[in-house]
Structure formats: C-alpha cells, structure tokens
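# Structural description and commentary
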Amino acid sequence: VDLVLLGKQSIDSDCGQTGPLLAGFLNAPQATFAAKIERDDDGAFTVERETDAGTETIKLNPTNNPQQPAIITCDLRLNTPRYPTMPNIMKAKKKPVQTISLEDMVTELGLELDDVCHPRNEVVEVYEPPPRKEGETVESVDALLGKLKEKGLIA
C-alpha cells in the first residue's frame, strides 16, 4: 500500500484527527486538507493544500515500506464528482463487493485490535463561546483612526 486517502473530517467529533492519528500509529508521512495530489516519478506525492495564509505545497517522500504508506486527508476541492449513468448503475449492481474484516485490515496495517477499538480522546466539555460585544459605527476614516488610536491599537 503506497497511499491511504481519508476524508478531511469524520465521526471523530469533527476534529479532523483520524488521518493524523493513523499517520502517528504507522509513523508514516502525512498531509492534511489536500486540494490537489500528484504522484511524482520517484514515487513521492506532491500535495497542494489551502490554508488561511494561502496555498501550501508539501512533498511526501516514499518510505519504500508497505507498513508506512503516505496518509492524505482530502478537502472538498480535491475532486469533482461524476454522476453515473443508468446503465452503469445497473452494471454496478451485478459486480461483487469485497468485504474486508476489521481484524484483517488491522493485521495488514501491523496494528493491534485494541489500538483501533478504544478511543484515545475524551470530550470533557462542550460550551458556547461568550457573546461578542456590540461594535461601533463611525462616520469616516478619520473617526475610525481616532477610535483605534484611543484604544491603543495603532500609534
């Protein structure tokens, strides 16, 4: 296995920790929130991801170890879904579906069943943030600058 693709978030309390946790268990290279993935000639994966500061490019070098695949979590911009045609839907109904047991998957990844069956995090508290203070309306740029200077936010 060279690559494991996961969604950006899942039923992990919407924390986005499934991919990084798997990468940690396997000591494998990882990239999160991938918007574009390319496979290089040397087997590495070049991942483009969008951050608050702009676009970031990460190169995941191959480990040549099947126990350490690249772990990439996918953002919604990674793929444009294709909609199947009715004939293809009918063909798909006739195809066999391979079922892989959890035990077989865990064994293939070199993990123990207890490692994946017991959560390692605990939600201690969930609460709403305090309400924001009401803002102020100013009439001009000069008034805005005056307010910012008054509050010590600019010199």
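Now for a look at the structure at hand. Note that the structure is a prediction, hence the values are computed from the model and not measured. (Residues numbered from 1 in each chain as written. Predicted model: local features only at pLDDT ≥ 70, side-chain atom pairs only at ≥ 80, totals over all residues. Heavy atoms only, no water.)

### A short note on the pattern of salt bridges
On inspection of all chains with the given rule, the structure shows 10 salt bridges. Two residues, Asp2 and Arg39, come together in a salt bridge whose shortest N-O distance is 3.4 Å. Taken together, the residues span a long stretch of sequence, with Asp2 in the segment before strand E1 (3–7) and Arg39 in strand E2 (residues 30–39) at a distance of 37 residues. Among the residues examined, Arg39 registers a relative accessible area of 46% and is labelled partly exposed. Its salt-bridge partner being Glu38, residue Lys36 comes within 3.3 Å of it at the nearest N-O pair. For Lys36, a relative accessible area of 39% corresponds to the partly exposed category. (Salt bridge = Lys/Arg side-chain N within 4 Å of Asp/Glu carboxyl O. Helix = DSSP H or I, 4+ residues; strand = E, 2+ residues; numbered from the N terminus. Buried < 20%, exposed > 50% of the residue type's maximum accessible area, 1.4 Å probe, protein only.)

### Digging into the pairing of strand E5 (residues 70–74)
Extensive coverage of E5 is indicated by the burial of five of its five residues. Across the two faces of E5 the burial is the same, with Ala70, Ile72 and Cys74 and Ile71 and Thr73 all buried. By the bridge criterion, five bridges tie E1 to E5 in an arrangement that is parallel. Opposite Val4, over in E5, you have Ile71 as the bridge partner. (Pairing = 2+ DSSP bridges.)

### Topic: the nonpolar core
In this structure, Val4, Leu6, Leu22, Ala23, Leu26, Ala28, Ile71, Val106 and Leu111 together form the largest nonpolar core, which totals nine residues. Secondary-structure elements contributing two or more residues to this core are E1 and helix H1 (18–26). The element best represented in this core is H1, accounting for three residues. Beyond its immediate sequence surroundings of up to four residues, Leu111 is in contact with Phe25, Leu26, Val106 and Val116. Grouped together as the second largest cluster of nonpolar side chains are seven residues, Ala31, Ala34, Val47 and Ala70 included. (Core = buried A, V, L, I, M, F, W, Y, C linked by side-chain atoms within 4.5 Å. Contact = heavy atoms within 4.5 Å.)

### Looking at a nonpolar patch on the surface
Judged by side-chain polarity, Val141, Leu145, Leu153 and Ile154 come together as a nonpolar surface patch covering roughly 360 Å² of accessible area. Summarising the element assignment, Leu153 is placed in the segment after helix H5 (141–150). (Patch = residues over 30% accessible without salt bridge, like charges linked within 9 Å, V, L, I, M, F, W, Y side chains within 5 Å. Areas by Shrake-Rupley, 256 points an atom, 1.4 Å probe, with all protein chains shown as cover.)

### Brief notes about the side chain of Gln68
Mapped onto the fold, Gln68 is located in the loop between strand E4 (54–60) and E5. At 2.8 Å, the side chain of Gln68 forms a polar contact with the backbone oxygen of Asn27. In contact with Gln68, other than residues within four places in its own chain, are Leu26, Asn27, Ala28, Pro29 and Thr63. (Polar contact = N/O pair within 3.5 Å; in protein donor to acceptor, adjacent residues only side chain to side chain.)

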